[in-house]
Amino acid sequence: MEPQIKKQSYKKEELEHHIDIDRCKGCGLCVEACPKDVLELTREINVKGYFYARQNPEKTCIMCGMCVQVCPDVAISITPKK
Amino acid sequence: MEPQIKKQSYKKEELEHHIDIDRCKGCGLCVEACPKDVLELTREINVKGYFYARQNPEKTCIMCGMCVQVCPDVAISITPKK
Amino acid sequence: MPFPYTRPISLSERQTHYCPGCTHGVAHRLIAEVIDELGIQGRTVGIAPVGCSVLAYNYFNLDFQEAAHGRAPAMASGIKRVRPELMVFTYQGDGDLASIGTAEIIHAANRGEKFCTFFINNAVYGMTGGQMAPTTMPGQRTTTSPMGRDVELTGMPMRMAEMLATLQTPGFVTRQALIRPKYITKAKKAIRQAFQYQMENRCFCFVELISTCPTNWGKTPVQAVQWAEEVLLPYYPLGDKKTPEDAQ
Amino acid sequence: MPFPYTRPISLSERQTHYCPGCTHGVAHRLIAEVIDELGIQGRTVGIAPVGCSVLAYNYFNLDFQEAAHGRAPAMASGIKRVRPELMVFTYQGDGDLASIGTAEIIHAANRGEKFCTFFINNAVYGMTGGQMAPTTMPGQRTTTSPMGRDVELTGMPMRMAEMLATLQTPGFVTRQALIRPKYITKAKKAIRQAFQYQMENRCFCFVELISTCPTNWGKTPVQAVQWAEEVLLPYYPLGDKKTPEDAQ
Amino acid sequence: MQNEVMFAGFGGQGIMLIGKMLAKAGLKAGLDVAWIPSYGPEMRGGTAYCTVVVSDRPIGSPIIVHPTNLVAMNRPSLEKFAPKVKKGGCILVNSSLIPIESGRDDVDEIHVPCNEIAIASGSAKAANVVALGAFVARTGICDWELIEDAVKANFAAKPKLVPMNMDCLSKGAESARAQ
Amino acid sequence: MQNEVMFAGFGGQGIMLIGKMLAKAGLKAGLDVAWIPSYGPEMRGGTAYCTVVVSDRPIGSPIIVHPTNLVAMNRPSLEKFAPKVKKGGCILVNSSLIPIESGRDDVDEIHVPCNEIAIASGSAKAANVVALGAFVARTGICDWELIEDAVKANFAAKPKLVPMNMDCLSKGAESARAQ
Amino acid sequence: MAKKLMKGAEAIGEAAIRAGCRAYFCYPITPQTEVAEYLSKRMPEAGGVFLQAESELAASYMIFGAAGAGAKVFTTSSSPGISLMSEAISYIAAAELPAVFVNIMRSGPGLGGILPSQGDYFQATKGGGHGDYRMIVLAPATVQESVELVMDAFNLADKYRNPVMVIGDGLIGQMMEPVEFPENYEPSTLDYEQFATTGKKSRERNLIRTLYLDSDELEWHNQQLLAKFRKMEEQEVRFEEYGIDDDTEYLLVSYGTSSRVCKTMVDDLQAEGVKIGLLRPITVHPFPIDRIRELSKRPALKRILCVEMSLGQMIEDVERANQGRQPVTHYGKTGGVVPDATEVIEHFKSLI
Amino acid sequence: MAKKLMKGAEAIGEAAIRAGCRAYFCYPITPQTEVAEYLSKRMPEAGGVFLQAESELAASYMIFGAAGAGAKVFTTSSSPGISLMSEAISYIAAAELPAVFVNIMRSGPGLGGILPSQGDYFQATKGGGHGDYRMIVLAPATVQESVELVMDAFNLADKYRNPVMVIGDGLIGQMMEPVEFPENYEPSTLDYEQFATTGKKSRERNLIRTLYLDSDELEWHNQQLLAKFRKMEEQEVRFEEYGIDDDTEYLLVSYGTSSRVCKTMVDDLQAEGVKIGLLRPITVHPFPIDRIRELSKRPALKRILCVEMSLGQMIEDVERANQGRQPVTHYGKTGGVVPDATEVIEHFKSLI
Ligand SMILES: Cc1ncc(C[n+]2csc(CCOP(=O)(O)OP(=O)(O)O)c2C)c(N)n1
Ligand SMILES: Cc1ncc(C[n+]2csc(CCOP(=O)(O)OP(=O)(O)O)c2C)c(N)n1
Ligand code: SF4
Ligand code: SF4
Ligand code: SF4
Ligand code: SF4
Ligand code: SF4
Ligand code: SF4
Ligand SMILES: [Mg+2]
Ligand SMILES: [Mg+2]
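So, here is what we can say about the structure in this document. (Residues numbered from 1 in each chain as written. Chains lettered and ligands numbered in written order. Predicted model: local features only at pLDDT ≥ 70, side-chain atom pairs only at ≥ 80, totals over all residues. Heavy atoms only, no water.)

1. What to know about the coordination of the magnesium ion (ligand 9)
All names here are of chain C.
Here's step 1: Coordination of the magnesium ion (ligand 9) by the protein involves Asp94 (OD), Asn122 (OD1) and Val124 (O), with metal-donor separations of 1.9 to 2.2 Å.
Here's step 2: Sequence spacing of the donor residues for the magnesium ion (ligand 9), all on one chain, is D-x27-N-x1-V. There is no split in this pair, since Asn122 and Val124 are both buried. (Donors = N, O, S within 2.8 Å, 3.2 Å for Na, K, Ca; no water. Buried < 20%, exposed > 50% of the residue type's maximum accessible area, 1.4 Å probe, protein only.)

2. A look at the site of ligand 6
Here's step 1: Every residue close to ligand 6 is listed here: B:Cys24, B:Lys25, B:Gly26, B:Cys27, B:Gly28, B:Cys30, B:Leu41, B:Ala53, B:Cys71, B:Pro72 and B:Ile76.
Here's step 2: For the shell around ligand 6, the class distribution of residues is 8 nonpolar, 2 polar and 1 charged. (Near = heavy atom within 4 Å. Nonpolar A, V, L, I, M, F, W, Y, C, P; charged D, E, K, R; others polar.)

3. Some remarks on the arrangement of the chains
Here's step 1: Contacts are most numerous, across the 15 pairs of chains in contact, for chains G and H.
Here's step 2: Across the gap from chain B to chain E, with no contact made, the nearest C-alpha atoms are 48 Å apart.
Here's step 3: Between chain E and chain F there is no contact, and the shortest C-alpha to C-alpha separation is 50 Å. (Contact = heavy atoms within 4.5 Å.)

4. Considerations on the state of the cysteines
All names here are of chain E.
Here's step 1: Scanning the entire structure with this criterion turns up 0 disulfides over all chains.
Here's step 2: Not engaged in a disulfide, the cysteine Cys114 finds its nearest cysteine sulfur in Cys168; these two sulfurs lie 9.7 Å apart.
Here's step 3: Of the residues examined, Cys114 reaches a relative accessible area of 0% and is grouped as buried. (Disulfide = S-S within 2.5 Å.)

5. A closer look at the nonpolar core
Here's step 1: Membership of the largest hydrophobic core comes to 493 residues, with the highest contact counts inside it found for C:Phe118, C:Phe195, D:Phe118, D:Phe195, G:Phe74 and H:Phe74.
Here's step 2: The residues contacting D:Phe118, other than those within four sequence positions of it, are D:Ile31, D:Phe89, D:Thr90, D:Tyr91, D:Gln92, D:Ile191, D:Ala194, D:Phe195, D:Val207 and D:Leu209. (Core = buried A, V, L, I, M, F, W, Y, C linked by side-chain atoms within 4.5 Å.)

6. Quick look at unusual backbone geometry
Here's step 1: Residue H:Pro31 follows H:Thr30 across a cis peptide bond; omega there is 5°.
Here's step 2: Note that H:Pro31 resides in the loop between strand E2 (23-26) and helix H2 (33-45).
Here's step 3: Across the junction of H:His285 and H:Pro286, the peptide omega takes the value -10°, indicating a cis bond.
Here's step 4: Of note, H:Pro286 is situated in the loop between strand E13 (283-285) and helix H11 (289-297).
Here's step 5: Unlike most non-glycine residues, A:Met63 shows phi in positive territory, near 55°.
Here's step 6: Topologically, A:Met63 is positioned in the loop between strand E3 (51-55) and helix H2 (66-70).
Here's step 7: With a phi close to 45°, A:Val74 is a non-glycine residue in the positive phi region.
Here's step 8: Here A:Val74 shows up in the loop between H2 and strand E4 (76-80). (Helix = DSSP H or I, 4+ residues; strand = E, 2+ residues; numbered from the N terminus.)

7. Details of the environment of F:Ala120
Here's step 1: Relative to the helices and strands, F:Ala120 is located in helix H3 (residues 114-121).
Here's step 2: Separated by 30 residues in sequence, F:Ala120 and F:Cys90 have C-alpha atoms that sit 26 Å apart.

8. Quick notes on the site of ligand 5
Here's step 1: Surrounding ligand 5, one finds 13 residues, the nearest of these being B:Cys34, B:Cys61, B:Cys64, B:Gly65 and B:Cys67.
Here's step 2: When the residues that make up the shell around ligand 5 are grouped by side-chain class, the tally is 10 nonpolar, 3 polar and no charged.

9. Looking at the packing of helix H3 (residues 72-82) of chain D against helix H5 (residues 102-111) of chain D
All names here are of chain D.
Here's step 1: Between H3 and H5, whose axes approach to 8 Å, the crossing angle comes to 35°. For the pair H3 and H5, contact is made by Pro73, Ala74, Ser77 and Arg81 and by Glu104, Ile105, Ala108 and Arg111, respectively.
Here's step 2: The class makeup of the residues in the contact of H3 with H5 is 4 nonpolar, 1 polar and 3 charged. (Axes fitted to C-alpha atoms, helices over the stretch in contact; angles between N-to-C directions.)

Given below as structure tokens:
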């Protein structure tokens, strides 16, 4: 059998949410999907000319991963804090 | 509407059973299909080299048309006697 | 069938080149009889496939086109679209329709093209000398499945009627057989029904007809009929799979 | 999905050329994640279609072949037959698979070829600028159905999964969607199931994935997701249509 | 005389459209014209450009590597095409999106804040028409009425948009004349 | 020397097969050989024929319009091909099915009741082998052992059939020698 | 009629309508999908049939069927799509039916690119399909000429009862130029009852077929076809000469979009005093062999340069015409970029 | 090894196996279905893959996939079937993959007949598919030569990573002749890890593609292809001369089965004192242009006669070679009957 990637469990606080703004195409799907209304589209343009998404610092992300699921550009990652 | 061919009813006695022996390929399907065992394959060869089918004169055809139904070569006809 | 039983006028006088006992001839007769009965000979166009029945055009006394292998439904679509007043039918073998022509038949059916297809399923490629067809039975020996069809490598026989019946576009899809008087009588009814739907501009009509190929099955005509009844009919159940009424 | 959520290694670093909100990208990610999770990157071969995802080969970090329009299943059959140890998948759009490639997908499925097909159904020809597809909804406007799809002339949308599920050869046939987290999670499971069956050399696997084409639907990405949910999903019901266990 | 104009920018900026308008105006003027698009799967997203050739005799090769003029709506276009413009031609720079100059000193270069002007007139989408107005006014490549007609004809089906676009057209012209 | 034999008859008479046997015998004899079939949808039912060319030097064109010899198994074949046989060649007529003569007086014509002989030996199907035996015996086209070997090799998979076929072969030869 | 600015692809669609064509079967492919898009609106308006087929293969057989039923029909596609139609083209030629095929060539081989190319010259002129058939192949250089040649194509198809192909490159399909449609145009007519499957009524039945099992019959059929092909060669050769006179020293041979580049070249070089002219084949089959042969014999001539967006295909026909008299070379591009006059001039100067 | 009597079609199947081919994808068509029938038994015995596809189209793409995955593969078909493969052939050439196609030609166009023909010369040599690609086309004249050329075809396909076609006519497929297979044959090998999709393991991934959206890249790609095609032209031309010497007055040019007729003709006519010889192209592409050109320059030469079962296709290449020096004419049959020597001799005598 081939090696399989192992799932690990983390607490929310140990995780970090990151948007690669240069990969973002500003489609807004993550904004719509976020159950906590954390995400929004900026009025700033990235290298490709898109209004990219970001987290509203006033809201709290629960690291649920909904945004990751729907992002067609794999622009969002959630990783353990270093 | 287009003209349709009319069906007519005849009595068995008014009808004639005919095998076009030059169309017959001696497949034997009519022989098998005949409920009255009227048909048989001859040992004679037609123009195309086939042992053709014929009615055994000793048996009685009931003009049921089974043989007509199965004959792939449209070699059998049942028509009113002239 | 017109009674008394005489040669339909929509058949030509030519003798067919079919092997003794080949039921292609039965299909020809039934189609011709229905055309006669409906009185549509003058406006019917047939399309011959590539297969043993490629010369069908010689046996029908109708305007005819000869298709490329598998493409009859596309040609029929072309004809019917430009001349909707014509009654158009394709006559196709199982190699022609279920193998190379799969896309064409499915899309013609799905567009709901208003023509009739008569699908002669004899579980083999007749004309080219008995190669395996998509309809060949498991274990059936053919010249390209010399040890018998291995379903592990080539899958199960395809039931075209059932597959076409799943399409959402309304249609008439039925399977009948060209053997035994009892089935032949029903086959004729189905053919008649198909042309009638076409005359009403109702829907695409697909009549699958289980047929024999004594030559490539290596059987006598009578054995071939038995084999068809015992082996093919259980796998290819007869009857209507879909009618345009279903959609309503 | 590998947690924490990071970029799967079976994806390359390249940014896609897909329009904003196009769910082709979601399909890519799910497939790559499954390949990572199963640890089969080193022996997986993908086949890209002709369609918007023709450049899929640039986005996967896998051996890849680029097919001609519609012919990916034939190519996959060729690959898998000569190298059965490879994990092979085709990635195809609805024009590619349900229109020009109809015969190839049906016959690959019917032969039970041991590869996976991911069928991205976005109800339109994306790449060529929004023409009608066999999957286009009744009344849907496209550049070749400017008044909306007229089912009288072009028939009803084709449900490929349902059609393939009727084949007698065992197989795994399912329909999932690339929108909304809840459907996406299930889509991933189906993709994973498909690869697993392939690893077990079980059967042909067909995963239809309802996708969006905001550009050619003339909608924003968010509207497109809504339309897909409200219009496509009712006609294209999600779920497994057939599993290899059914055959037993 | 043959005059060639290259219009270039992002896909979605309406580049192809203003090219067509100019070509139609040229045709009305009785000239031979050709409109040559770039096309491809890059259409959506990437760079889009088209060339309009206007000539008083039959046009030979419509393939123009060195156009007389350039209307650059975004930065990559300016960078890519400015060096190719013929000496003595005109380069229009959409200064709303392009913070740099062409670097050429042998051409007539004008900077027009097309997006800002358009927004002021009511729609950011009409930045292309601003550029068209500015370009035609500056070069006099065709009669002003003809370009007005072309713009009007284009929006004939959506009459509500006509006034706004006409406004953009003339604002563009003003901006160009002002330089 | 090049020798050409045309075998002709109904489909189903085993025409192709006896051609192959002769070709194999020729090959064993160290000669160049070619076996050229007729083929087509007419195979089943219609006329079938093949030509065997045997030569002591490489065979040029294998297309033979005028063969040296003819083995005619049914009437249409005789009628069709007899006129084409080269002067001085041999024509074998299966008199079981052919009530007529070739009409040629410049060839060696023999009449062999192949079907009757075969039936007498146990199978009507072996009429072809009778003809082959007769033809080889009459013309000496190859050594008798070689044709025997070829027939045996052909039925190697069905050893039961060998004796009957060998019988037919030699009965054919007898009949030919008797004429 | 006033000139109208039209995209090549749309002009082609409109030209077909004006030529009396009322049936179009297609499958989308860049760079000519606009023909389909245009006709999806326009055909129904004109009372005609528009149908997007499931594939090019199917489209080509819809054409076959419809042509056989006595309709003026056409299809348009681009290179790979035309490859898929090659079996049908052979069939349609064999069945002696009129039909028009338009190939807006893109760069190949394989999927290649979607940009302009002239890489299908061989396929069009020597036959992509099997067997001995030929067809007239028309090669317009402008959108206006596309209109004219598409209209002519229908007439020629009727005249010979043979497929006719029009080849343009992606630029012809995508470019807009002013066009004018002839007024009061009288499309050609055929007596369909003579051969088409219009329903036999009380006449003898009509049969469309391509199978000839009997070799004598097939031989005869092919000889009939040959007679037609020879007639095309005699009657249908068309070309344009530009700047050629008795003193011409350099001859350019080029068709379609490339020929426009060559015209500019001729203008520019003649202005410099170079004695150069252009022969532009309008029919690339039948090819203007005789005329080029005549020119190759002129004492003043020194060299022939073929300009074509390919690796060198038309040059074989030019070589046949030239019979070794002049040096014949090829200049081509295959990436999808139409060469510009300056670069070809530079190349030319490097030769002499 | 002793010679064995084999049918051409079966010998072709066996030759492929001997050349190391272990994968065959096909669709039945007369007159070569026996290759499939033979290999349906023989391939599994040899541990290889036999698969009857749903169509020629599918078969050709199975070939594409398998070749891309690093397998020696081939298919066989006949004329209409080859037309259906023409898109794939263009793709395979573009993707630079080795694959062998055998066309046992039948008479066309359309469905035509099933009897021998050489009517697909153009299709094979000039490309039935779209775009600029060429392939080596080998034309055996005997069953033995079919074996040799099929085996060579696999090596040439590997050498150039390009499709190679073998064309025979129905007679080659159906006839039985003695054949001998080379012993201890070493099939060519390729390092598949360099390009094929064998699974990336830990190497860089391999990619089989034909799309080049960037025009510079596509231009470069085509120039690479061109270099390969030129190399073929330089290195692979093959032909046989029969009865040609310095005094030869009449030159026959003919390939495949027709050339056998011509050999008999040469024998017969030389016996009568006629100074006639035969040049038989073995590669019809690349064509022996140079050699024919040389011969055409010989002072003794008076005329060239091309004999081909077509309406006249190869003659165009002979004309290019001949450059107008000698009268060049064609003699052909297209109904499916191979001409016999006597009738061609008669025709020849009517010419001189
Ligand atoms: C493109 C093409 N491929 C293959 C063939 C060869 N071919 C002729 S008929 C046939 C199959 C016929 O089988 P089927 O359709 O089942 O008809 P049947 O003869 O059994 O009635 C094939 C493969 C062909 N003529 N054209
Ligand atoms: C033989 C051939 N025909 C047509 C095309 C043009 N073509 C490219 S992609 C495409 C349709 C793509 O639609 P779909 O498969 O639905 O994929 P999508 O872009 O929607 O993801 C077409 C028709 C082609 N490249 N090759
Ligand atoms: S992880 Fe969940 S809560 Fe956090 S931004 Fe994404 S969707 Fe919103
Ligand atoms: S879903 Fe992805 S691409 Fe879309 S806005 Fe959010 S981060 Fe950007
Ligand atoms: S009609 Fe009936 S009874 Fe008479 S022969 Fe035929 S099958 Fe027998
Ligand atoms: S069914 Fe017809 S063909 Fe067969 S034996 Fe009876 S009469 Fe003859
Ligand atoms: S081969 Fe089979 S299908 Fe064909 S005619 Fe003979 S029995 Fe009928
Ligand atoms: S055109 Fe549609 S399918 Fe293609 S990338 Fe854009 S949104 Fe996606
Ligand atoms: Mg069949
Ligand atoms: Mg799609």
